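# A structural walkthrough
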Amino acid sequence: MTRPAFDAVGTLVVKVGSSLLQGGPAVLTAIADDIAQLHARGCRVVIVSSGAVALGRSRLGLTQPVLSLEQKQAAAAAGQPRLLAAWDAALEPHGLTAAQALMTLDVTENRRSWLNARATLNTLVELNAVPVVNENDTIATDEIRYGDNDRLAARVAQLIGADLLVLLSDIDGLYDADPRKHPGAVCLHDIPVIDDRIRAMAGEANARAAVGTGGMRTKILAAELAGRSGCATAIALGTAPHPLVSLRDAAHGSWFHPARTASSARESWIAGAESPTGEIHVDAGAAAALRAGKSLLPVGVTSVSGRFERGETVRILGPEGLLVGRGVCAYSAADARLIAGCRTEEIETRLGYRRAAALVHVDDLVLEREAS
Ligand SMILES: Nc1ncnc2c1ncn2[C@@H]1O[C@H](COP(=O)(O)OP(=O)(O)O)[C@@H](O)[C@H]1O
Ligand SMILES: N[C@@H](CCC(=O)OP(=O)(O)O)C(=O)O
């Protein structure tokens, strides 16, 4: 699959990194002007904006280079309303309204919340609003954090079925080495496939950075995630005169092509879900049935490990511990344990209710060769 022609893009997610916020309102104004231009020709646009911590820390007098988790969460609380106000001020002259959407990991990792969030974002876009998404840093704890907005932006791109994800940063693309350390590094404009050579160019994330977090590593991961759903990714310089529209010219930014065999939105949601915390162990008969396109019934389950709620993704392991696939479980871990090994007719007696005959329905399953 080649990358889409810029003018053919129907749904765009644009992610704005914290480093760009240092440039003040002029940077947001330039991005908003381009968004308005795209919007006018019918393109649906969602913004994923970092910057809450960067904007809040100065207001709270947190000037030290490294902040504790609690200080970052407090800074985000002070910065998020300012971030939204800044976007609204930039969009309002174009007749567009910024609409805040704060997410925690469970929003995209739980199928019901996913569908709900998708409906809300789509409704906002239909109402001519521009959703401005950020992680809900103030309440998120380590277990329920995306950790970086590049990944969040890729999940949002999957959520709304975007055909292009643009990661705007303080650099004009992916270089063959970090240009801050290697002045002779060269920018790669066209990246048809993400392989180990490309991944190695990213170096390490800068966890101690004062503002940004992920560096190029998380951007490449985001491009991989979005690519699985058929969405192309571009990394581009957010301070360029027309940061988005200038991407019409293929010589601007680094372009990652979407994967050749893009999976359906549902499959890519399952395959892209955060590392599942639960596992369902099945017998050889059930493993064969799943591979033959059947649903997972409780009768084939030998044991259940880990913790998960109804609607969360689990790993399904065969008799030798081999990964058969991943799927959305219709029951919580506690209930799945109670019905493991039992026949479908017994579900109601064991649980006092019966929701679904299958623990994991075939439509909610991605087999190993597709899930990797
Ligand atoms: N191979 C590379 N090509 C380009 N930039 C790189 C590379 N490796 C590391 N970087 C660093 O990544 C930084 C951008 O990441 P980050 O600061 O997290 O941005 P953002 O806030 O936009 O997410 C660049 O300023 C650059 O120093
Ligand atoms: N959610 C955080 C941003 C985290 C983040 O990923 O930042 P960045 O690497 O600049 O995109 C905030 O609003 O400050």
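Going by the annotation in an unreviewed UniProt entry, the name recorded for the protein is Glutamate 5-kinase, with Maricaulis virginensis given as the source organism. Under the UniProt heading Sequence similarities (unreviewed entry), the note attached to the protein is "Belongs to the glutamate 5-kinase family." Under the Function (unreviewed entry) heading, UniProt states for the protein: "Catalyzes the transfer of a phosphate group to glutamate to form L-glutamate 5-phosphate."

Inspection of the secondary structure assignment puts Gly24 in the loop between helix H1 (18-21) and helix H2 (25-40). Owing to 10 C-beta atoms within 10 Å, Gly24 belongs among the exposed residues under this scheme. Each C-alpha atom, one on Gly24 and one on Ala86, is 9.3 Å from the other, the two residues being 62 residues apart in sequence.

Glancing now at the pairing of strand E13 (residues 313-317). Counting buried residues in E13 gives five out of five residues, a clear majority hidden from the surface. Neither face of E13 is open: one carries Thr313, Arg315 and Leu317, the other Val314 and Ile316, and all of them are buried. Across four bridges, strand E11 (residues 278-282) lies against E13 in parallel orientation. Opposite Gly278, over in E13, you have Val314 as the bridge partner. Two elements, E13 and strand E14 (residues 323-328), share five bridges in a ladder whose sense is antiparallel. Counted as the bridge partner of Thr313 is Val328 from E14. Linking E13 to E14, which pair antiparallel, is a turn of five residues; within it Gly321 sits at a positive phi near 80 degrees.

Take the sheet that holds strand E5 (residues 164-169) next. A sheet is described by the order of its strands in space; here eight strands give the open sequence E3-E4-E2-E1-E5-E9-E10-E8, paired in mixed fashion. Strands with a single pairing partner mark the edges of an open sheet, and in this sheet they are strand E3 (97-103) and strand E8 (190-191). Here H2 sits on the sheet and contacts strand E1 (11-16), strand E2 (44-49), strand E4 (129-135) and E5; the angle it forms with E2, its principal contact strand, is near 155 degrees.

Accessible area lost when the parts come together is the quantity often used to give the size of an interface. Structurally, the protein comprises domain 1 (6-268) and domain 2 (275-371). On a C-alpha basis, the centres of domain 1 and domain 2 stand 35 Å from each other. At the junction of the two partners, domain 1 supplies six residues and domain 2 supplies six residues. Per-class residue counts for the side of domain 1 that touches domain 2 are no nonpolar, two polar and four charged.

If you check UniProt for "binding site: substrate" (unreviewed entry), the listed places come out as Ser50, Asp137 and Asn149 in our numbering. For the annotated residues, spread through 100 residues, the largest C-alpha to C-alpha distance comes to 10.8 Å, consistent with a single compact locus. Within the secondary structure, Ser50 is located in the loop between E2 and helix H3 (52-59). For Ser50, a count of 27 C-beta atoms within 10 Å puts it in the buried group. Here Ser50 is in contact with Val16, Gly17, Ser18, Asn134 and Asn149, once residues within four sequence places are set aside. Relative to the helices and strands, Asp137 resides in the loop between E4 and helix H7 (149-159). Note on Asp137: 23 C-beta atoms within 10 Å, which makes it buried. With residues up to four places along the chain from it excluded, the contact list for Asp137 reads Ala52, Val53, Lys72, Gln73 and Ala76.

Before going further, it helps to examine the UniProt feature "binding site: ATP" (unreviewed entry) in the protein. As annotated in UniProt, the feature "binding site: ATP" (unreviewed entry) corresponds to Lys15, Ser169, Asp170, Thr213, Gly214, Gly215, Met216, Arg217, Thr218 and Lys219 in the numbering used here. Positionally, Arg217 belongs in helix H9 (residues 215-228).

This brings us to H7. Of all the eleven residues making up H7, eleven are buried; the element is thus mostly covered by neighbouring parts of the structure. All of the buried residues along H7 are Asn149, Asp150, Arg151, Leu152, Ala153, Ala154, Arg155, Val156, Ala157, Gln158 and Leu159. Gly161 lies just past H7 and shows a positive phi near 65 degrees.

Core analysis: the largest hydrophobic core is formed by 74 residues, its most contacted members being Val13, Ile47, Ala153, Val156, Ala157, Leu165 and Val166. Among the elements that take part in this core, helix H4 (residues 69-91) stands out by supplying seven residues, more than any other. If near-sequence neighbours (up to four positions away) are discounted, Ala153 is found in contact with Val13, Lys15, Val48, Leu165, Leu167 and Ala222. Within the second largest apolar cluster, 28 residues are counted, among which are Ile270, Ala287, Val324 and Ala336.

Another aspect to go through is the packing of H3 against H4. At a minimum axis distance of 6 Å, the contact between H3 and H4 shows a crossing angle of 105 degrees. By the angle between their axes, H3 is roughly perpendicular relative to H4. Touching Ala52, Val53, Ala54, Leu55, Gly56, Arg57 and Arg59 of H3 are Lys72, Ala75, Ala76, Ala77, Ala78, Gly79, Gln80, Arg82 and Leu83, all from H4. Class assignment of the residues belonging to the contact of H3 with H4 gives a composition of nine nonpolar, three polar and four charged.

Rules and cut-offs
Numbers given for residues are sequential positions, taken from 1 along each chain in its written order. Chain letters start at A and ligand numbers start at 1, both assigned in the order the entries are written. Where totals are concerned, whole chains, interfaces and linings use all residues; where local detail is concerned, this predicted model gives features only for residues with pLDDT of at least 70, and gives and counts side-chain atom pairs only at 80 or more. UniProt positions are given in the numbering used here, feature names are shortened, and annotations may be inferred rather than shown by experiment. Per the convention used, a helix needs a DSSP run of H or I reaching at least four residues, while a strand needs a run of E reaching at least two, with both numbered from the N terminus. Neighbour density around each residue's C-beta defines its exposure: 20 or more other C-beta atoms within 10 Å make it buried, 12 or fewer make it exposed, and counts between make it partly exposed, where C-beta atoms are placed from the backbone. Criterion used throughout: strands pair if DSSP finds at least two bridges between them. Distance between backbone-placed C-beta atoms decides contact: two residues are in contact if it is within 7 Å. Fitting a line to C-alpha atoms yields each axis, with helices limited to the stretch in contact; the angle taken between N-to-C directions then spans 0 to 180 degrees. Start and end points for every domain follow an automatic or database-based domain assignment. Amino acid classes used here: Ala, Val, Leu, Ile, Met, Phe, Trp, Tyr, Cys and Pro are nonpolar; Asp, Glu, Lys and Arg are charged; the rest, including Gly, are polar. A set of buried residues qualifies as a nonpolar core if it consists of Ala, Val, Leu, Ile, Met, Phe, Trp, Tyr and Cys joined through C-beta atoms within 7 Å. Note that the term roughly parallel is reserved for angles under 35 degrees, roughly antiparallel for angles over 145, roughly perpendicular for angles of 65 to 115, and oblique for everything else.

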